[in-house]
Amino acid sequence: MDSKPPFNPLTRRRFNWRMVRTLFALPAGELALQAAARAQSGLPALGNQGDLTAAQERKLGDLIVRDLYRDPDYVDDPIIGEYASGIWHRLRVAGRELGEITPDLDESFAWKLLLGRDKDVNAFALPGGYMGLLMGMVGVVSSRAELASVMGHETGHIVQRHIARMLGEQGRQTPLMIAALLLGAVAASRNPQAGAAIAAGGQAAIIRQQLVFSRSMEQEADRVGYGLMTKAGFAPQGFVSMFEKLEAASRLNDNGDWPFLRTHPLTSERIADVQLREQNIPHTKPPTDWETLLLAARARVLGRPGVDVLRQWAGEPDQPGFAAQSAVRQAPALYAATLAHTELRNPTRAQALAGQLEQAMGAHPRALHQARMLRAELALRADQPQQALTILPATDPAARGNTNPRGQDGRALLLMRSEAQIRAGHGADAASALQPWVSDHPTDAGAWAKLAQALQAQGQMLRALRAEGEVQMARLDFAGAIDRWRAAQDYSRQHQSSPADLIEASIVDSRMHAAQDALREQKREEKKWS
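For every chain, the first residue of the written sequence is number 1, and numbering continues from 1 onward in sequence order. In view of the model being predicted, local features appear only for residues whose pLDDT reaches at least 70, and side-chain atom pairs are presented and counted only at 80 or more, with totals across whole chains, interfaces and linings using the full set of residues. No hydrogens and no water enter the side-chain calculation; it runs on all heavy atoms of the structure.

A. Region of interest: the overall build of the protein chain. Here a strand is any run of E in DSSP of at least two residues, a helix any run of H or I of at least four, and the numbering for each starts at the N terminus. Secondary structure assignment for the protein chain yields 26 helices and 4 strands. Classification of the 530 residues of the protein chain by burial places 56% in the buried group. A contact between two residues is defined here by any heavy atoms of the two lying within 4.5 Å. A separation threshold of at least 6 residues defines the contact pool for the protein chain, and within that pool the share at least 24 residues apart is 73%. Only the protein chains shown count as covering a residue, and every accessible area follows the Shrake-Rupley method with a 1.4 Å probe. With an accessible surface of roughly 22,300 Å², the protein chain has 50% of that area assigned to carbon and sulfur atoms. Burial status follows relative accessibility: with a 1.4 Å probe on protein chains alone, a residue under 20% of its type maximum counts as buried, one over 50% as exposed, and anything between as partly exposed.

In structure tokens, the structure reads:
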């Protein structure tokens, strides 16, 4: 594949999570500052790209996301992923019903959620219907409704096509486009004070224009997001409580852990809008969302807080007075302590705490399921796959009944059971469960990877190589897919084939042609934007 990075010919850097969240979560005013700095640097311009169509925006998003999949900060945690994807699915259903998601956007955009392993409290919309969600954001919510308010806001940016509008507006104001913004994003990711220094350079008229544009986009995203979450059945109190958390953090002079405050500024207009909505919200306390409390604790640990913090969390259940705390405080602390002990390689203590957590969650089905999933995860880490299978149910007993075949319900259980089955010598059972899933979810790289392992364990190498190619296709690494399918073609030529293998070889040939076409198109897009 062409080694030239997309969009950034001047620095020859590829996209990564820090760069992308700096670029696409920045208010338009800061983007203008960075573009102004580029104008003064004398670097070559890219020309006016104008407004993007939905299909063009999707191609732009695909190029960015391809690099994010490769970045070490990307994480496919099935448990957090299923939880957050379930929320976004409900929001998108509401968007279709309200007419916010038009048939064109529904068809053209990817509607893919990517998780970042970072403790920063942030979420951001990317071009073409992609959304980035950092572990730090999941770690601060206490209910599905609070996370739905954040994801609804980002969905508002997506459906209102704010990125395309921002790029179009930028094109009318200045000849500098993507590369200029990327240079600023790289600088800002290394030096948060860069924006202030750039501001002193001038271009005040552009800056003022873009700041107004940014405020209106934030208000619009709030309006759309609130409508989506309430239509989807989430408690409107979650919007208010999440906004109160953001406002409190803002008053406490954000120390850098809440970049969402900088990328989504709490203007007086936004605060006034929330206060107006609050007047129409019943002041009733929603029930405790036990599952969210546990998964927020999981996200905090997965956000790589550092060894000292892990040790602090691991020791919390042993502190005097812990037993006297409320169950609402104890449950997430037990979950975090269990996972922290696992990260610190104290499996015996982790297993004891996991058992204590499971017992405490007996009256809460969703939280109990998560406690059992955690116990099974510990068993797998201890290389005890048969014990994990004993712990895990065959199906999710509290599945939420998602009627969309492309939904995520049950994915975490499927992947964990499949891993246990493969390691216990039951690869055929794993493959039988995974095959219908990938048929319904053809871009699920994690499921394809697990299927490849299951097939390889059975000695079905041609099918395994085909599945490995699908992993790369799902991650938009078309060159990688071609490599795997060439290996499959070589294997097919060198080994006597059964009728089933002949069918599989035909599928591989067809998929190879699709990957080659996709790679040529990808290179054209890279050339267009570089």
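B. Seen up close, the nonpolar core. Side-chain atoms within 4.5 Å link the members of a nonpolar core, which is a set of buried Ala, Val, Leu, Ile, Met, Phe, Trp, Tyr and Cys residues. Judged by nonpolar contacts, the single largest core of 80 residues is most densely connected at Leu91, Leu133, Met151 and Leu357. Leaving out residues up to four positions away in the same chain, Leu357 has contacts with Leu294, Ala331, Leu334, Tyr335, Ala371 and Leu374. One finds Leu114, Leu465, Met512 and Ala515 within the second-largest nonpolar core, a separate group that totals 33 residues.

C. How the structure looks around the side chain of Glu146. On the secondary structure map, Glu146 appears in helix α7 (residues 144-159). Setting aside residues up to four positions removed in sequence, Glu146 forms contacts with Val140, Val141, Gly238, Ser241, Met242 and Lys245.

D. Examining the confidence of the model for the protein chain more closely. Every residue carries a pLDDT, the predictor's confidence in it, which falls somewhere between 0 and 100. Looking at the protein chain, pLDDT values average 81 and 72% of them are 70 or higher. The low-confidence segment residues 26-50, where pLDDT is below 50, has 71 contacts with residues more than four positions distant or belonging to other chains. Residue range residues 401-406 is modelled with pLDDT below 50. Its contacts to residues more than four positions away, or to other chains, number 11 contacts.

E. Summary view of the pattern of salt bridges. Salt-bridge detection follows one rule: a side-chain nitrogen of Lys or Arg within 4 Å of a carboxyl oxygen of Asp or Glu. Counting across every chain of the model gives 39 salt bridges. Measuring nitrogen to oxygen at the nearest pair gives 2.7 Å for the salt bridge that ties Glu146 to Lys245. On the criterion of sequence distance, the pair formed by Glu146 in helix α7 and Lys245 in helix α12 (residues 237-251) is long-range, its members being 99 residues apart. A relative accessible area of 24% places Lys245 in the partly exposed class. A network of salt bridges, in which partner residues are shared, links Lys59, Glu521, Arg524, Glu525 and Lys528.

F. Inspection of the environment of Thr443 at higher detail. Along the chain, Thr443 falls in the loop between α22 (427-440) and α23 (445-457). In this structure Thr443 comes out as partly exposed when scored by relative accessible area, which is 43%. C-alpha separation for the pair Thr443 and Val471, spaced 28 residues apart in sequence, amounts to 7.8 Å. Residues within four places of Thr443 in sequence aside, it is in contact with Lys112 and Ala474.

G. Summary view of unusual backbone geometry. Despite not being glycine, Arg161 has its phi angle at roughly 55 degrees, a positive value. Along the chain, Arg161 falls in the loop between α7 and α8 (162-173). With a phi angle near 65 degrees, Leu476 is a residue other than glycine that sits in the positive phi range. Tracing the backbone through its elements, the reader meets Leu476 in the loop between α24 (461-474) and α25 (478-494).

H. Highlighting the packing of helix α3 (residues 54-70) against helix α26 (residues 499-529). For the pair α3 and α26, the least separation of the axes is 10 Å and the interaxial angle reads 100 degrees. Relative to α26, the element α3 is oriented roughly perpendicular. Contacts from Lys59, Leu60, Leu63 and Arg66 in α3 reach Glu521, Gln522, Glu525, Glu526 and Trp529 in α26. Gly falls in the polar group here, along with every residue not listed as nonpolar (Ala, Val, Leu, Ile, Met, Phe, Trp, Tyr, Cys, Pro) or charged (Asp, Glu, Lys, Arg). Partitioning the contact of α3 with α26 into residue classes produces 3 nonpolar, 1 polar and 5 charged. Helix axes are fitted only over the stretch in contact, all axes being lines through C-alpha atoms; the angle between N-to-C directions runs from 0 to 180 degrees. Roughly parallel means an angle under 35 degrees; roughly antiparallel, over 145; roughly perpendicular, 65 to 115; everything else is oblique.

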